[in-house]
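Each chain, written out:
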Amino acid sequence: MTELEELDLDNNNFTGPLPPEVAGLKKLKRLDLAGNYFTGAIPEVYSEMENLEFLALHANLLTGRVPASLAKLKNLRGLYLGYFNVYDGGIPADFGSLKELRILDMASCGLSGEIPASLSELKKLHTLFLQLNKLTGFIPAELSKMTSLMSLDLSINYLNGEIPATFAELKNLTLLNLFSNNLYGQIPDFVGELPNLEALQVWNNDFTWKLPESLGRNGRLRFLDVTQNHFTGTIPRDLCRGGRLETLILTNNSFFGSIPEEIGECKSLTKVRVGKNCLDGTIPQGILSLPRATIIELNDNLFSGELPAEMSGESLGILSLSNNWISGEIPPAIGNFSGLHTLSLDANRFHGEIPSGLFSPRSLLVVNISGNNMSGEIPGSVARCTSLEVLDLSRNKLAGEIPKGLSRLKVLGVLNLSSNRLTGPIPREIRVMTSLNTLDLSFNDLSGEVPREGQFLVFKNSSFLGNPKLCSPGRSSCPSRSSASLTSSRVVITAISLVTAALLITVTVYQVLKRRQGLRAWKLTAFQKLGFKAEDVLKCLEEENIIGKGGAGIVYRGLMPNGADVAIKQLVGRSGSGCSDHGFSAEIQTLGRIRHRNIDAGASECMSSVAGSYGYIAPEYAYTLKVDAKSDVYSFGVVLLELIAGRKPVGEFGDGVDIVRWVKKTVSDLPQPPSDAASVLTVIDQRLSGYPMASVIHLFKIALGCVEDESFQRPTMREVVHMLTNPPPSTPSATVAAGPDLIKL
């Protein structure tokens, strides 16, 4: 094999240290060992392969320092060292002597320190990838001497300072990625004049002033993302002069003025995201008819006027116009977006009736028209949107009855019709909508009784407040329309609400079957004076009253003689022999000691149900005693961690430590910041050997997002499903190396 010129072993399952023997192949020109599980340091002897032109060691598990001696490889044209490797130290300054180098890819490999100015000697280099590291300091002005440079990616580091003025010399630059750093100052005017610039992505920095007016005039601009900076001024008019612009993302800045009409004529656009600025004027007519657009976000601005009568786009999935000053009627053409799944028109000044065609897209998941002046009835066509998950029509002037056809929406999770002028009874058909977690019909003019079966058992009393003609649960007759009866009913409703909030009751029910007596033994633990007896509780233990089940028992809803609603937990699997009660006795003692603003007397709400087992319950439950959709997300995250780590949620980590705390502590003990692969390999179940590393990392990140301590930081379940069904696409190996295919343990 002494005559061998090319050795390609990429994307296999090799382990152990890199083989030093290959250095004996003196005629070797190409060595590719990427995408394996090699560990340890890069052998110094690799610098002796003098004829080597291509060296790829990326996507392994290498450590140690990057040998400066690799600079001896004078014929080297491509050097790939990043991705999953975690090196000590920084970029060797000696690499500046690799005069033939065309590509230097050291992305995502733990590099620290500053970027050596000596890299400016790489006159033939066209690609420099240093993203996803821990690099600090300024961007060296000397890099402008790399006159062949086409792609420069320094994103996701800790760089500061301004874009060097000398970069005006980089006439061949097509890609400039500087996002997620600490850069400041303005985008120099010369950036808009770079003749070959196709991608400018500088989001999540501290840039100020305005974008260069000449940006896009080269006719080649395709990607522009300046989100989360402090830009002001107007949107440059020539961004799409060449008709190639695909993404326009200006979110969360202070841009003002109107959107240029030219943007509405840019047929190549796939994403228009300009939300959270100070833009005003009317929305250009063409912008809502872009043929390739998948997302249009114009929310949180000052747009006014009316929507265009003509709108269309088969590719559009998200349309967000919320929180503006848009007026007029909602055009029927809004139903022309056949692929639409999210429609947000809330917090505007729309009036008139909701067009029935609005619910034409069968793909709709979220519709929010709240906070407008809509009138008329809720269109019956809403029942055709069988994939709908969220429907919010609150804070309008809608009248008529609630459509019974809503019960056909089998996956609807949120229905908010509050603060309207709806009349008639609450459709009993809603009882079969088992996916409906949140229902708000408050502050309407509904009448009749609130149904008390099926899904209605899980809704809070606050869901029905502000309907004077509506019978509260437990009342035998509806209040009359007289002012005296109305006043009396309000007093009763208020009293019931206060009593419900004042009572924090945990009733421990366990059945000990006495083979001779056939009796039940009861223990009633009360923390306040009660208006009912244990016998009243017993009557509620019926199948129809079940509102939740968990590892510790079954939760029932109980209506007491005094009108109070209570939650009753019946333990299962407990005998009189003193075996474990799943920690429920400790829960009772804890609840008896709790004094918190959310559960003292006078609070507006109290717990209606807790469905779950210990180890799965979100931390906020400890002080709010309430569960919501984000609590479910936390529980799902625990399940994902169980799958990844192969451990139970509690009982394996010591007193007071559950799987979430154990994972976070284990990862935090690694050298910071740890790589994604290192974090996963520290906690992973050994039985997962052979599974795709990238997939497990993706799942691990989703799990950690689900178990954030603060509920507002967790994704929604819909977002979780979207992330699970849309894993990150594989990056072309020509630019960003692929990671190891399989986990090797």
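Residues numbered from 1 in each chain as written. Predicted model: local features only at pLDDT ≥ 70, side-chain atom pairs only at ≥ 80, totals over all residues. Heavy atoms only, no water.

A.B. asks: Mind showing me how you'd approach the packing of helix H10 (residues 693–706) against helix H11 (residues 717–725) here?
C.D. replies: Relative placement of two packed helices is described by the angle separating their axes and the distance separating the axes. Here H10 crosses H11 at 170°, and the two axes come no closer than 10 Å. Of the possible angle classes, the one that applies to H10 and H11 is roughly antiparallel. Between H10, through His698, Leu699, Ile702 and Cys706, and H11, the contact on the second element is made entirely by Val720, Met723 and Leu724. Of the residues assigned to the contact of H10 with H11, the class counts are six nonpolar, one polar and no charged. (Axes fitted to C-alpha atoms, helices over the stretch in contact; angles between N-to-C directions. Helix = DSSP H or I, 4+ residues; strand = E, 2+ residues; numbered from the N terminus. Parallel < 35°, antiparallel > 145°, perpendicular 65-115°, else oblique. Contact = heavy atoms within 4.5 Å. Nonpolar A, V, L, I, M, F, W, Y, C, P; charged D, E, K, R; others polar.)

A.B. asks: In this structure, what is going on with the packing of helix H9 (residues 676–683) against H10? I would like to understand it.
C.D. replies: Put simply, H9 and H10 touch, their axes get as near as 10 Å, and they point 85° apart. In terms of orientation, H9 and H10 fall into the roughly perpendicular class. Side by side, H9 and H10 meet where Asp676, Ala677, Ser679, Val680, Leu681 and Val683 of the first sit next to Met693, Val696, Ile697, Phe700 and Lys701 of the second. Of the residues in the contact of H9 with H10, the class split is eight nonpolar, one polar and two charged.

A.B. asks: What exactly am I supposed to notice about the sheet that holds strand S21 (residues 256–257) here?
C.D. replies: Whether parallel or antiparallel, the strands of a sheet pair through hydrogen bonds between backbone atoms. Across the sheet, which stays open at both edges, the three strands sit in the order S21-S23-S25 with parallel pairing between neighbours. In this open sheet, the two edge strands, each paired with only one partner strand, are S21 and strand S25 (302–303). Where strand S23 (residues 278–281) lies against S25, two bridges are found, and the strand directions are parallel. By the bridge assignment for S25, Asp280 is matched with Leu302. (Pairing = 2+ DSSP bridges.)

A.B. asks: Would you mind showing me how to read the packing of aromatic side chains here?
C.D. replies: The geometry of an aromatic ring pair comes down to the distance between the two centres and the angle between the two planes. Evaluated as defined, the whole model comprises six aromatic pairs. Where Phe456 meets Phe459, the ring centres are 5.7 Å apart and the plane angle is 85°; that geometry is what we call edge-to-face. Accessibility classification places Phe456 together with Phe459 in one group, the buried group. Through a chain of ring-to-ring contacts, three or more aromatic side chains come together here, namely Phe207, Phe231 and Phe255. Across the ring face of Phe54, the terminal group of Arg30 is positioned such that the distance to the ring centre comes to 3.8 Å. Taking NZ or CZ as reference, Arg647 lies 4.4 Å from the ring centre of Trp662, over its face. (Phe/Tyr/Trp six-rings, centres within 6.5 Å; stacked < 30°, edge-to-face > 60°. Buried < 20%, exposed > 50% of the residue type's maximum accessible area, 1.4 Å probe, protein only. Lys NZ or Arg CZ within 6 Å of the ring centre and 35° of its normal.)

A.B. asks: What's the story with the state of the cysteines in this structure? I'm lost.
C.D. replies: Between two cysteines, a covalent bond joining their sulfur atoms is known as a disulfide. Enumeration according to the criterion identifies one disulfide in this entry. Residue Cys240 pairs covalently with Cys266 via a disulfide, S to S 2.0 Å. One quick way to see it: the torsion about the S-S bond of Cys240 and Cys266 is about 70°, and its sign makes the bridge right-handed. Pair noted here: Cys240 is in the loop between strand S19 (230–231) and strand S20 (247–249) and Cys266 is in the loop between helix H2 (261–264) and strand S22 (271–273), with a separation of 26 residues, a long-range link. Just as Cys240 is buried, Cys266 falls in that class too. (Disulfide = S-S within 2.5 Å.)

A.B. asks: Even after reading the chapter, I still don't get the pairing of strand S13 (residues 158–161), so can you show me in this structure?
C.D. replies: The two faces of a sheet get side chains in turn, since along a regular strand they alternate between them. What you see with S13 is a clean split: Leu159 and Gly161 sit on the buried side and Tyr158 and Asn160 on the side with no burial. Pairing analysis gives three bridges linking strand S11 (residues 134–138) to S13, with the strands arranged parallel. Across the sheet, Thr136 pairs through a bridge with Tyr158, a residue of S13. Sheet analysis places S13 next to strand S15 (residues 182–185), joined by two bridges and oriented parallel. Pairing of Asn160 across the sheet is with Asn182, part of S15.

A.B. asks: Would you mind showing me how to read the side chain of Asn368 here?
C.D. replies: Tracing the sequence through the fold places Asn368 in strand S30 (residues 366–368). Setting aside anything within four residues of it in sequence, one finds Asn368 in contact with Leu343, Ser344, Leu345, Asp346 and Asp392.

A.B. asks: How do you make sense of the sheet that holds strand S35 (residues 421–424) when you look at a structure like this?
C.D. replies: Reading across the sheet, the four strands line up as S33-S35-S37-S38 and stay open at both edges, with parallel pairing between neighbours. For this open sheet the edge positions go to strand S33 (399–400) and strand S38 (469–471), each flanked by a neighbour on one side alone.

A.B. asks: Hey, could you run me through the layout of surface pockets in this one?
C.D. replies: Space left empty within the atom packing is revealed by a probe, the size of a water molecule, rolled over the atoms. What the second largest pocket holds in volume is close to 1,300 Å³. Taken together, 37 residues make up the lining of the second largest pocket; nearest its centre are Val366, Glu389, Thr716, Arg718 and Glu719. Mapped by element, the contributors of at least two residues to the lining of the second largest pocket are strand S24 (295–297), strand S26 (318–320), strand S28 (342–344), helix H7 (629–645) and H11. With six residues, H11 is the largest single contributor of residues to the lining of the second largest pocket. Across the lining of the second largest pocket, the residue classes break down as 12 nonpolar, 17 polar and eight charged. (1 Å grid on protein atoms, 1.4 Å probe; cavity = no way out; pocket = protein on both sides within 12 Å on 5 of 7 lines; lining within 4 Å. Points joined across faces, edges and corners; volume = space filled by probe spheres on them.)

A.B. asks: In this structure, what is going on with the pattern of salt bridges? I would like to understand it.
C.D. replies: Any two side chains of opposite charge can pair, on the condition that their charged atoms come close. One pass over the structure, following the stated rule, counts 18 salt bridges. With a closest N to O distance of 3.4 Å, Lys469 and Asp445 form a salt bridge. Taken together, the residues span a long stretch of sequence, with Lys469 in strand S38 and Asp445 in strand S37 (residues 445–449) at a distance of 24 residues. In this structure, a network of salt bridges that share partners links the residues Glu198, Arg220, Arg222 and Glu246. (Salt bridge = Lys/Arg side-chain N within 4 Å of Asp/Glu carboxyl O.)

A.B. asks: Please explain the confidence of the model for the protein chain as it appears in this structure.
C.D. replies: Fine structural detail should not be taken from predicted coordinates in areas where pLDDT scores are low. Predicted confidence across the protein chain gives a mean pLDDT of 83, with 81% of residues reaching 70 or more. Per-residue pLDDT stays below 50 along residues 480–522; that stretch engages in 73 contacts with residues further than four places along the chain or on separate chains. Note on residues 601–612: pLDDT is under 50 here. Beyond four places in sequence and across chains, it has 30 contacts. (pLDDT = per-residue confidence, 0-100.)

A.B. asks: Would you mind showing me how to read the pairing of S15 here?
C.D. replies: Burial along S15 is one-sided: the face carrying Leu183 and Gly185 is buried and the face carrying Asn182 and Tyr184 is not. In terms of strand pairing, S15 meets strand S17 (residues 206–209) through two bridges, oriented parallel. If you follow Tyr184 over to S17, its bridge partner there is Asp206.

A.B. asks: How should I be thinking about the side chain of Asn372 in this particular structure?
C.D. replies: One can find Asn372 in the loop between S30 and strand S31 (373–375). For Asn372, a relative accessible area of 5% corresponds to the buried category. A polar contact is formed between the side chain of Asn372 and the backbone oxygen of Ile369, at a distance of 3.1 Å. In this structure Asn372 touches Leu345, Asp346, Ala347, Asn348, Arg349, Phe350, Arg395 and Asn396, once residues within four positions along its chain are discounted. (Polar contact = N/O pair within 3.5 Å; in protein donor to acceptor, adjacent residues only side chain to side chain.)

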